[in-house]
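Inside the fold
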Amino acid sequence: MVTFFTTFKQFFVFLPERFDLKAGFQRKNSMNEIIEAVNRAAENAEAKAAVAADAGALEALRIEYLGRNGLFPELSKKMGTVPPEERKATGTAFNTGRTRIQAALDAAAARLGGAGKQDKDAIDLTLPGRRTAPGHRHPITQLADECVSVFRRMGFVAVDGPEIEDIYHNFDALNTPDDHPSRDPKDTFYFPDGRILRSQTSPVQIRVMETHEPPVRIVAPGRVFRRDTPDATHGMNFHQIEGLSIDKGVSMADLKSVLQTFAWEMFGKDVKIRLRPHFFPFTEPSVEYDFSCVVCGGKGCNVCKNSGYIEIAGAGMVDPNVLKNVGYDPEIWSGYAFGLGLERLAMLRYRIPDLRFLYDNDVRFLEQF
Ligand code: DAH
């Protein structure tokens, strides 16, 4: 058996690319024989790789030459049989041969469109595409749009106004007395040239009436600026929506119905509104308006400070002086105006305890909207 096995193995010794250590002819493994075998193997592998038809054929080649039981690992075993002084040259030839084969396999893989490389590099067309998160509009912008669409359904048109204003539009034309505290540089941001960052959206009323004949019916959402110390309910810039309706025979009842409808649209049919007498320079009479507390339903809680109501903003009948300032005849035209704070509305709507959350730009907060 042993004899047969040995003989059998010897048979393979004479195949061009096969050597066998245990076959009793180790001493014949001269440097030249190994180098020759390596070069021949490289040539053969290159020739086969060049015509390989598909990834499977390439993989078979790789296994044949470089695989664990392939030709090259087998050849490398023979290195040990080479006399020490010849080992360096044999090793170099061996490495060159292996590099040639690998290069031939890579080139063939590239020719086959990368498919010859293993699956880890292949493109899997069945995978879903990678999505980029596009982001979305800020909650205040979303809320402003929602409010505007509610008012639009009641016949209001949305308009824009400048954030950098002049004193005339922000104060004078709005009938604001010279000594009114809101004009103080401690409250309003002044530029060196005397212009200001608008402290309210009310100047948009003036700009619309200056350029449009009555009747007008507008809402103006926008950013306003005040010198406040930021805390849970105050910021240096925040957002308002201004409303103005001028026509013949407009009354406080119209104002009330518009605000009630708005409250219903925003918070549902159970919410009530309440008007309280107040003072604004540009309206007469003036009111502050409250929504019944949307948290406790009016019973009293810490959000409404046990009053059952939450202040939303100011409103009133447009002061005849304001109408005169824009050239409208107060004997013919009358109207109401209102202004509401969007941050306050957002806090109630989404139960946000601190408005600074809205501006910290923490996506964990923002992505909830
Ligand atoms: N501009 C006022 C403010 O910022 C809000 C306001 C009150 C607007 C009454 C109005 C109004 O149009 O009639 O506090």
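Along each chain, numbering runs from 1 in the same order as the chain's sequence is written. This being a predicted model, a pLDDT of at least 70 is required before a residue's local features are given, and a value of 80 or more before pairs of side-chain atoms are given or counted; all residues contribute to the totals for chains, interfaces and linings. Hydrogens and waters are ignored; side-chain quantities use all the structure's heavy atoms.

**Considering the packing of aromatic side chains**
Pairing of aromatic rings covers Phe, Tyr and Trp, the last counted by its six-membered ring, and requires centre-to-centre distances within 6.5 Å; plane angles under 30 degrees mean stacked, over 60 mean edge-to-face, and any other angle means tilted. Under the criterion given, the structure shown has 13 aromatic pairs. When the centroid spacing of 5.6 Å and the interplanar angle of 70° are considered together, the rings of Phe151 and Phe156 count as edge-to-face. No difference in accessibility class separates Phe151 from Phe156, as the two residues are buried. Look at Phe262 and Phe291: their rings are 6.4 Å apart centre to centre, the planes differ by 55°, and that puts the pair in the tilted class. Classification of residues uses two cut-offs on accessible area relative to the type maximum, computed with a 1.4 Å probe and protein chains only: under 20% is buried, over 50% is exposed, and between them is partly exposed.

**Points about the nonpolar core**
Nonpolar side chains in soluble globular proteins generally cluster together in the buried interior. We call a set of buried residues a nonpolar core when its members are Ala, Val, Leu, Ile, Met, Phe, Trp, Tyr or Cys and they connect through side-chain atoms within 4.5 Å of each other. Phe262, Phe291, Phe338, Leu340 and Leu345 are the most contacted members of the largest nonpolar core, which has 47 residues in total. Think of it this way: any DSSP run of H or I at least four residues long counts as a helix, any run of E at least two long counts as a strand, and we number them from the N terminus. At the level of elements, helix H6 (139-153), helix H9 (252-267), strand S7 (283-292), strand S8 (309-318), strand S9 (334-341), helix H11 (342-350) and helix H12 (363-366) are the ones that each hand at least two residues to this core. Ignoring sequence-local partners within four residues, the contact set of Phe338 consists of Phe151, Phe156, Val219, Ile241, Glu242, Gly243, Leu255, Val258, Leu259, Tyr289, Gly314 and Ala315. Grouped together as the second largest cluster of nonpolar side chains are 23 residues, Ile34, Val38, Ala42 and Ala45 included. Whether two residues are in contact is decided by their heavy atoms, any of which lying within 4.5 Å being enough.

**Topic: H11**
Helical geometry note: an α-helix holds 3.6 residues per turn, so side chains three or four residues apart project in the same direction. Buried residues of H11: Leu342, Glu343, Leu345, Ala346, Met347 and Leu348, and no others. Against H6, strand S5 (237-247), H9, S7, S8 and S9 lie the buried residues of H11. Arg351, located one to two residues past H11, shows a positive phi value of around 55°.

**Quick word on the site of the ligand**
Each residue is tested against the molecule or strand, and it is near if at least one of its non-hydrogen atoms lies within 4 Å. Near the ligand lie 15 residues; those nearest to it are Gln200, Ser202, Arg226, Gln240 and Glu242. Counted as a polar contact is a pair of N or O atoms within 3.5 Å, where, for protein atoms, one must be capable of donating a hydrogen and the other of accepting one, and residues adjacent in sequence contribute only when both atoms are in side chains. Within the contact set of the ligand, an oxygen atom lies 2.9 Å away from a side-chain nitrogen or oxygen of Gln240. One of the side-chain N or O atoms of Glu242 is found 2.6 Å from an oxygen atom in the ligand. Computed on the free molecule, the ligand has an accessible area of 350 Å², of which 90% lies beneath the protein chains in the complex. Counting residues per element, the ones that place at least two in the shell around the ligand are S5, S8 and S9. Polarity classes work like this: nonpolar for Ala, Val, Leu, Ile, Met, Phe, Trp, Tyr, Cys and Pro, charged for Asp, Glu, Lys and Arg, and polar for all others, with Gly in that last group. Residue composition of the shell around the ligand, by class: five nonpolar, eight polar and two charged. Residue exposure ignores everything except the shown protein chains as possible cover, and the areas themselves are Shrake-Rupley values with a 1.4 Å probe.

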